[in-house]
Amino acid sequence: MKQAEFKDVEDAGGWGSGLLWPAARFVVIFALLAAVAHWAFGAAEVAQPQAIDVAQSVPPRSAALRESPEADEDGGRELAVRAERSGHFLVDAVVNGADVRFVVDTGASTLVLSRDDAARVGIDSHALVFSERFATANGVALGAPVTLREFRVGSFSLHDVRATVMAGPMPVSLLGMSVLSRFAGHEVQGDKLILRW
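Residues numbered from 1 in each chain as written. Predicted model: local features only at pLDDT ≥ 70, side-chain atom pairs only at ≥ 80, totals over all residues. Heavy atoms only, no water.

A. Here's a closer look at the overall build of the protein chain. For the protein chain, the helix and strand inventory stands at 4 helices and 12 strands. Within the protein chain, the fraction of its 197 residues that count as buried is 36%. Restricting to contacts in the protein chain with at least 6 residues of sequence separation, those with at least 24 account for 60%. (Helix = DSSP H or I, 4+ residues; strand = E, 2+ residues; numbered from the N terminus. Buried < 20%, exposed > 50% of the residue type's maximum accessible area, 1.4 Å probe, protein only. Contact = heavy atoms within 4.5 Å.)

The following block contains the structure:
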């Protein structure tokens, strides 16, 4: 039906005649191709929504709320972390023996280190190869794959953890799903994030 209407307008010598109609077709086709390309290539990359924008004003390390892990009803362990004023959850962990602060980001598929935190945990910046591409709120960013010897929160620990060091500046490292999914559970209750193991 729409094709017939467009044909009638073009034949009538209206706005569809001359160069305007081919130009309009080109704009519509280009917009459709751009949307399909964005969907196809964006889905293939490891998405990290707001990976760079998150927590632009991160409180100093000493201001973080540290709550001692407590036993839950099933005899497991859990840690409750209260959200800071911007609504983000900050978790203090030990990586390769060094203290590192992470913002919890369920949109990040992996654990992401800033270059400063990577240096703190003993990663040689000269050995980094930025071969990974990530779709972020600020466009495409590059990352270098690394393996961390240990990641620990309370008595919960993981060994040989795959992570990424971002090439660009980041105000804080990200705790993504590759680690969050290894906890027995994680959930938000009001202004608290509960991590269980």
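B. Summary view of the pattern of salt bridges. What the rule picks out here adds up to 6 salt bridges. Arginine 196 is the salt-bridge partner of glutamate 78, the closest N and O atoms lying 3.2 Å from each other. With glutamate 78 in strand E3 (residues 77–82) and arginine 196 in strand E12 (residues 192–196), the pair connects residues that are 118 residues apart, well separated along the chain. A salt bridge links arginine 152 to glutamate 150, with the nearest nitrogen and oxygen atoms 3.6 Å apart. Judged by its relative accessible area of 31%, arginine 152 falls in the partly exposed class. The exposure class of glutamate 150 is buried, given its relative accessible area of 19%. The network of salt bridges with shared partners includes Glu78, Glu187 and Arg196. (Salt bridge = Lys/Arg side-chain N within 4 Å of Asp/Glu carboxyl O.)

C. Representation of the packing of aromatic side chains. The tally for this structure, following the rule as stated, stands at 4 aromatic pairs. Ring geometry for phenylalanine 102 and phenylalanine 151: centres 5.8 Å apart, planes at 65 degrees, overall edge-to-face. Of this pair, phenylalanine 102 sits in strand E5 (residues 98–104) while phenylalanine 151 sits in strand E8 (residues 139–153), and the two are 49 residues apart along the sequence. Across the pair, phenylalanine 151 and phenylalanine 102 agree in class, each one buried. A centroid spacing of 3.9 Å and a plane angle of 20 degrees characterise the contact between phenylalanine 156 and phenylalanine 183, whose relative ring orientation is stacked. Placement of phenylalanine 156 in strand E9 (residues 156–166) and of phenylalanine 183 in the loop between helix H4 (177–180) and strand E11 (185–189) is noted, with a sequence separation of 27 residues between them. With respect to burial, phenylalanine 156 and phenylalanine 183 carry one shared label: buried. The structure contains a cluster of three or more aromatic residues connected by ring pairs, namely Phe156, Phe183 and Trp197. (Phe/Tyr/Trp six-rings, centres within 6.5 Å; stacked < 30°, edge-to-face > 60°.)

D. Layout of the pairing of strand E4 (residues 90–95). The buried fraction of E4 amounts to 6 of the 6 residues, a majority that puts the element mostly inside the structure. On E4, burial covers both faces: Leu90, Asp92 and Val94 on one face and Val91, Ala93 and Val95 on the other are all buried. In textbook terms, the turn of a hairpin is the stretch between consecutive antiparallel strands, and for E4 and E5 this stretch comprises 2 residues, one of which, asparagine 96, has a positive phi near 50 degrees. Relative to E8, E4 runs antiparallel, the two being bridged by 2 bridges. Note on E8: the bridge partner recorded for valine 94 is arginine 152. (Pairing = 2+ DSSP bridges.)

E. Geometry of the confidence of the model for the protein chain. Averaged over every residue, the pLDDT of the protein chain is 76; the share at 70 or more is 62%. Note on residues 60–67: pLDDT under 50 across the span, and 17 contacts to partners over four residues away in sequence or across chains. (pLDDT = per-residue confidence, 0-100.)

F. Here's a closer look at the pairing of E12. Judged from the 5 bridges that link them, E3 and E12 form a sheet pairing that is antiparallel. Paired with leucine 79 across the two strands is leucine 195, which belongs to E12. Summarising the sheet, E11 and E12 pair through 5 bridges and their orientation is antiparallel. From the neighbouring strand, histidine 186 faces E12, where its bridge partner is leucine 195. The antiparallel pairing of E11 with E12 creates a hairpin that spans 2 residues between the two strands, and glycine 190 there sits at a positive phi of about 65 degrees.

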